[in-house]
Amino acid sequence: MHRFFSVRQGLAGCAALLLAVSCREPMSVERFVGGAEPYVFTVDMGDTTAVYDFDLYTRIDDRPEVVRDLKELHLQISWTSPSDTTFREDVYMPMNGRVSFFSRQARAPYRAGVRPSEAGEWTISIRTPEAPQGLQGMGLCVRKKR
């Protein structure tokens, strides 16, 4: 005797399969932290077989002369590993991007092909020691590549 699935069972199976596929980890994650510094981001780099690319983005709303004359933004960036080891660096983010009379938006590559030395959740903290008053916050985009 042959048993056939009903249409209802087939639809339920398809729905379960779609849910399982849609629950995969996204390959790209963006987060913007507004307000005052430090801008702190947590990044899950539990997959040490993958490499990660990082972009930074921001927006500055200020007087026209500040917006017009701003060519780069000094950033002090700290990476803290899951075991609490910290690496610090100074970075100058180019402020190329969309400009209007009172606003400038910029997005720039920060690091590409990062392979974590330690699996787990890393913390990235950004300070802006010379930022203009109109800095709206910092954003971080992380892309995971296999």
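The rules we used
- Residues numbered from 1 in each chain as written.
- Predicted model: local features only at pLDDT ≥ 70, side-chain atom pairs only at ≥ 80, totals over all residues.
- Heavy atoms only, no water.
- Helix = DSSP H or I, 4+ residues; strand = E, 2+ residues; numbered from the N terminus.
- Buried < 20%, exposed > 50% of the residue type's maximum accessible area, 1.4 Å probe, protein only.
- Contact = heavy atoms within 4.5 Å.
- Areas by Shrake-Rupley, 256 points an atom, 1.4 Å probe, with all protein chains shown as cover.
- Core = buried A, V, L, I, M, F, W, Y, C linked by side-chain atoms within 4.5 Å.
- Salt bridge = Lys/Arg side-chain N within 4 Å of Asp/Glu carboxyl O.
- Phe/Tyr/Trp six-rings, centres within 6.5 Å; stacked < 30°, edge-to-face > 60°.

Draft legend 1. Broad picture of the overall build of the protein. On a plain count of helices and strands, the protein comes out with two helices and eight strands. Ordering the α and β elements of the protein from the N terminus gives α-β-β-β-α-β-β-β-β-β. Here the protein holds 146 residues, and the buried ones make up 38% of them. Long-range contacts, defined here as pairs at least 24 residues apart, represent 77% of the contacts in the protein between residues at least 6 apart. In the form shown here, the protein has an accessible surface area of approximately 9500 Å², with 55% of it arising from carbon and sulfur atoms.

Draft legend 2. Broad picture of the nonpolar core. One finds F54, L56, L75, I77, I126 and M138 to be the most contacted residues of the largest nonpolar core, which totals 29 residues. Those residues in contact with F54 that lie beyond four places of it in its chain are V43, M45, W79, P109, Y110, R111, V114, I124, L140, C141 and V142.

Draft legend 3. Summary view of the pattern of salt bridges. Taken as a whole and judged by the stated rule, the model has eleven salt bridges. Put simply, R63 and E65 hold a salt bridge, and the shortest N to O gap is 2.9 Å. For R63, a relative accessible area of 45% translates into the label partly exposed. Here the residues in one salt-bridge network are E30, D55, R107 and R143, joined through shared partners.

Draft legend 4. Up close: the packing of aromatic side chains. The tally for this structure, following the rule as stated, stands at five aromatic pairs. Geometrically, the ring pair formed by W79 and W122 is edge-to-face, given 6.3 Å between the ring centres and 75 degrees between the ring planes. One end of the pair, W79, is in strand β4 (residues 72-80); the other, W122, is in strand β7 (residues 120-127), and 43 residues separate them in sequence. Judged by relative accessible area, which is 10%, W122 ranks as buried. With a centroid separation of 4.6 Å and 90 degrees between ring planes, the pair formed by F101 and F102 is classed as edge-to-face. Judged by its relative accessible area of 57%, F101 falls in the exposed class. Judged by its relative accessible area of 49%, F102 falls in the partly exposed class. An aromatic cluster is defined as three or more aromatic residues linked by ring pairs; in this entry it consists of F54, W79, Y110 and W122.

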